[in-house]
Amino acid sequence: MDIGVAAALLASTCMMMSLYYITNWPDPDIRRYAYQIINSTLSIFCAVLLFNSLTGLLDAAMDQELSPATELVPRMVWTFSWYVSLQVVLAWCSYQFAPESEKEEVATRVEAGHQES
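Residues numbered from 1 in each chain as written. Predicted model: local features only at pLDDT ≥ 70, side-chain atom pairs only at ≥ 80, totals over all residues. Heavy atoms only, no water.

Caption draft 1: Fine view of the overall build of the protein chain. A count of helices and strands for the protein chain gives four helices and zero strands. Mapped in sequence order, the helices and strands of the protein chain form the string α-α-α-α. At 23 Å, the protein chain has a C-alpha radius of gyration far larger than the 13 Å of a compact globule built from 117 residues. Dimensions of the protein chain, computed from C-alpha atoms along their principal axes, come out at roughly 60 × 60 × 15 Å. The buried share among the 117 residues of the protein chain stands at 7%. A total of about 9900 Å² of accessible surface is found on the protein chain, and carbon and sulfur atoms cover 70% of it. When the 5 basic and 13 acidic side-chain charges of the protein chain are each reduced to a single mean position, those positions are 7 Å apart. (Helix = DSSP H or I, 4+ residues; strand = E, 2+ residues; numbered from the N terminus. Rg over C-alpha atoms; globule rule 2.2 N^0.38 Å. Buried < 20%, exposed > 50% of the residue type's maximum accessible area, 1.4 Å probe, protein only. Areas by Shrake-Rupley, 256 points an atom, 1.4 Å probe, with all protein chains shown as cover. Lys, Arg positive; Asp, Glu negative; His and termini not counted. Charge placed at Lys NZ, Arg CZ, Asp CG, Glu CD.)

Caption draft 2: Spotlight on the pattern of salt bridges. Overall, the coordinates contain three salt bridges when judged by the stated rule. When the shortest N-O distance is used, the salt bridge between R32 and D29 registers 3.1 Å. In this pair, R32 and D29 both sit in helix α2 (residues 28–61), three residues apart, roughly one turn of the helix. By relative accessible area, D29 is classed as partly exposed at 39%. (Salt bridge = Lys/Arg side-chain N within 4 Å of Asp/Glu carboxyl O.)

Caption draft 3: A look at helix α3 (residues 68–93). Between its first and last C-alpha, α3 extends 37 Å over 26 residues, near the 38 Å set by a 1.5 Å rise per residue. Two residues or fewer past α3, Y95 is found with a positive phi of approximately 60°. (Expected span 1.5 Å × (residues − 1).)

Caption draft 4: Structural view of a nonpolar patch on the surface. Where nonpolar side chains cluster on the molecular surface, the patch consists of F80, Y83, V84, L86, V88, L90, W92 and F97 and spans about 880 Å² of accessible area. Along the polypeptide, F97 turns up in the loop between α3 and α4 (100–116). (Patch = residues over 30% accessible without salt bridge, like charges linked within 9 Å, V, L, I, M, F, W, Y side chains within 5 Å.)

Caption draft 5: Geometry of the packing of aromatic side chains. Enumeration over the complete set of coordinates arrives at three aromatic pairs. Between the aromatic rings of Y21 and W25, the centroid separation amounts to 5.4 Å while the plane-to-plane angle is 85°, which identifies the pairing as edge-to-face. The exposure class of W25 is partly exposed, given its relative accessible area of 31%. Measuring from centroid to centroid gives 5.5 Å for F51 and W82, while their planes differ by 55°, and the two rings are tilted. Here F51, found in helix α2, pairs with W82, found in helix α3; they are 31 residues apart in sequence, far enough to count as distant. A connected cluster of aromatic rings, assembled from ring pairs, spans F51, W78 and W82. Over the face of the ring belonging to Y33 we find R32, whose NZ or CZ atom lies 4.7 Å from the ring centre. (Phe/Tyr/Trp six-rings, centres within 6.5 Å; stacked < 30°, edge-to-face > 60°. Lys NZ or Arg CZ within 6 Å of the ring centre and 35° of its normal.)

It is worth stressing that arrangement in space is one thing and function is another; only the former is reported here.
So this is what it looks like as structure tokens:
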């Protein structure tokens, strides 16, 4: 037990030191990619934490013994609400709610970015 805790403590210390080292690298590209990886990792962690917390909240709200048919309705509503929220976020990220002028501006920037590559 003590060796496992010591190894976890050393590994987490080494990980933090390597994060400080890589985020202070002289090359700006390395720093940018390091921050992108850290951002993605924290986003995934937060998403899993949020999902598990809200699912635990739903389970706590339905802690009484329900028949399978009765339990199915809240679970379907739960799944449908996640699906709808996914569609709304995707529509917002793809500028579907933006005015036409902003959509054209984004399309122009994307085309300019592709032409530079």
